[in-house]
Amino acid sequence: MNIIQTFYDDMASQYDKLFQDWQATTHEQAVILDRIFHKNGFDPSAHVLDCACGIGTQAIGLAALGYRVTASDISDGELKEAGKRAKQNGVEIRFEHADFCALSDAFSEQFDIVIAMDNALPHMLTADALQAAIESITGQIRPNGIFVASIRDYDSLLLRKPPYSPPYIHQTDKGKRVSFQTWVWEDDNYRLTQYIIDDEDSLQISKFECEYRAARREELTNLLLSNGCSEVKWAFPEETGFYQPVVIARK
């Protein structure tokens, strides 16, 4: 089991603590994605693959809006959590274990829309690994379909390489939850430690470790164009309402 699987398997039961209200977030993010999809010529009849679904934050929200959603992830722990949450929300989603670097191993069909949100692509720690991921993902998109993904604003972050991310402090009915990350940089890669401090019924402190590579927008744009996409656009939080820059690539 690799570091990515371990990170998300271990964090699966606590991932929702990163949000003030995870349930509300599923709807809010689905509405944002729905606007992006409509702007690019799609409606809920589209078949969507969420190839880095995690606990289902985007997949469940989109299914609730009527989209046909298939969801995959490399973490069995998160897939189990996503399946449970899909049932609780009364939505039908096909879940599959799949590495987004080898989607054709799990899927014979292509999709109208493929998404990979919440900074999933920078788990690829080398240029070759990112190339493999983009080649795999674009291979599952139908002609004239789109790929939608979000990543951190690494173009800005690489100028200063901060040692931590600002904390999220969530006040709840039972107390407070605080989450933040520390980052240790080595060139364009950084080791991340995610801390979750849950001071509600009782004090619990958890930490989870992973690694990322800061991918610049130009690199990702060039990879998409060289792997069958005819157009690549970037949209920023002030335009979309999403908390990270979003890339939209049409095949």
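Conventions and cut-offs
- Residues numbered from 1 in each chain as written.
- Predicted model: local features only at pLDDT ≥ 70, side-chain atom pairs only at ≥ 80, totals over all residues.
- Heavy atoms only, no water.
- Helix = DSSP H or I, 4+ residues; strand = E, 2+ residues; numbered from the N terminus.
- Rg over C-alpha atoms; globule rule 2.2 N^0.38 Å.
- Contact = heavy atoms within 4.5 Å.
- Lys, Arg positive; Asp, Glu negative; His and termini not counted.
- Charge placed at Lys NZ, Arg CZ, Asp CG, Glu CD.
- Pairing = 2+ DSSP bridges.
- Axes fitted to C-alpha atoms, helices over the stretch in contact; angles between N-to-C directions.
- Parallel < 35°, antiparallel > 145°, perpendicular 65-115°, else oblique.
- Left-handed = near helix turned anticlockwise from the far one by under 90°.
- Nonpolar A, V, L, I, M, F, W, Y, C, P; charged D, E, K, R; others polar.
- Buried < 20%, exposed > 50% of the residue type's maximum accessible area, 1.4 Å probe, protein only.
- Polar contact = N/O pair within 3.5 Å; in protein donor to acceptor, adjacent residues only side chain to side chain.
- Expected span 1.5 Å × (residues − 1).

S.K.: Please clarify how the overall build of the protein should be interpreted in this entry.
M.R.: Helix and strand content of the protein: eight helices and 11 strands. In summary, the protein has a C-alpha radius of gyration of 17 Å against a globular reference of 18 Å for 251 residues, a match within 12%. Along the longest, intermediate and shortest principal axes, the C-alpha atoms of the protein span 50 × 45 × 40 Å. The long-range fraction of contacts in the protein, counting pairs at least 24 apart against all pairs at least 6 apart in sequence, stands at 64%. For the protein, the separation between the mean place of its 24 positive charges and that of its 38 negative charges on side chains is 2 Å.

S.K.: Looking at this structure, I do not really get the pairing of strand β9 (residues 203-213). What am I missing?
M.R.: Two faces make up the sheet, and in a regular strand the side chains alternate between them. As judged from the 11 bridges shared by strand β8 (residues 189-199) and β9, these two strands associate in the antiparallel manner. Among the inter-strand pairings, L192 is bridged to a residue of β9, identified as C210. Where β8 folds back onto β9 in an antiparallel hairpin, the turn is made up of three residues.

S.K.: Please clarify how the packing of helix α2 (residues 22-39) against helix α3 (residues 57-64) should be interpreted in this entry.
M.R.: The relative placement of two packed helices is expressed as an angle between their axes plus a distance between the axes. Running from amino to carboxyl end, α2 crosses α3 at an angle of 70°, the nearest separation of the two axes being 8 Å. Between α2 and α3, the angle is such that the two are roughly perpendicular. The element α2 and its partner α3 pack so that their crossing is right-handed. Contact residues: α2 offers W22, T25, T26, Q29, A30, L33 and F37, while α3 offers T57, Q58, I60, G61 and L62. Considering only residue class, the contact of α2 with α3 consists of six nonpolar, six polar and no charged.

S.K.: Sorry if this is basic, but what is going on with the sheet that holds β8 here?
M.R.: Where strands meet in a sheet, backbone hydrogen bonds hold them as pairs that are either parallel or antiparallel. Sheet architecture is open: four strands sit in the order β6-β7-β8-β9, paired in antiparallel fashion. A single partner strand is all that each edge strand has here, and the edge strands are β6 (168-171) and β9. Neighbouring strand axes in the sheet, compared pairwise and without regard to direction, differ in orientation by 15° on average. Here strand β7 (residues 176-186) pairs with β8 via 11 bridges, running antiparallel. Its bridge partner lying in β8, W185 is registered against Y190. With respect to the sheet, helix α1 (residues 3-11) is in contact with β8 and β9, its orientation differing from that of β9 by roughly 155°.

S.K.: Got a minute to help me understand the environment of Y243 in this structure?
M.R.: Within the secondary structure, Y243 sits in the loop between α8 (237-240) and β11 (246-250). When its relative accessible area of 47% is taken as the criterion, Y243 is described as partly exposed. For the pair formed by Y243 and T70, sequence separation is 173 residues and the distance between their alpha carbons is 24 Å. Apart from residues no more than four positions distant in its own chain, Y243 is found in contact with Q29, D118 and P237. Only 2.6 Å separates the side chain of Y243 from the side chain of D118, close enough to count as a polar contact.

S.K.: Which parts of the structure should I look at to understand helix α5 (residues 127-138)?
M.R.: Residue pairs spaced three or four apart in an α-helix point in one direction, given the helix's 3.6 residues per turn. The end-to-end C-alpha separation of α5 is 16 Å, in line with the 16 Å expected for 12 residues at 1.5 Å each. When α5 is considered as a whole, its buried residues turn out to be L130, A133, I134, S136, I137 and T138.

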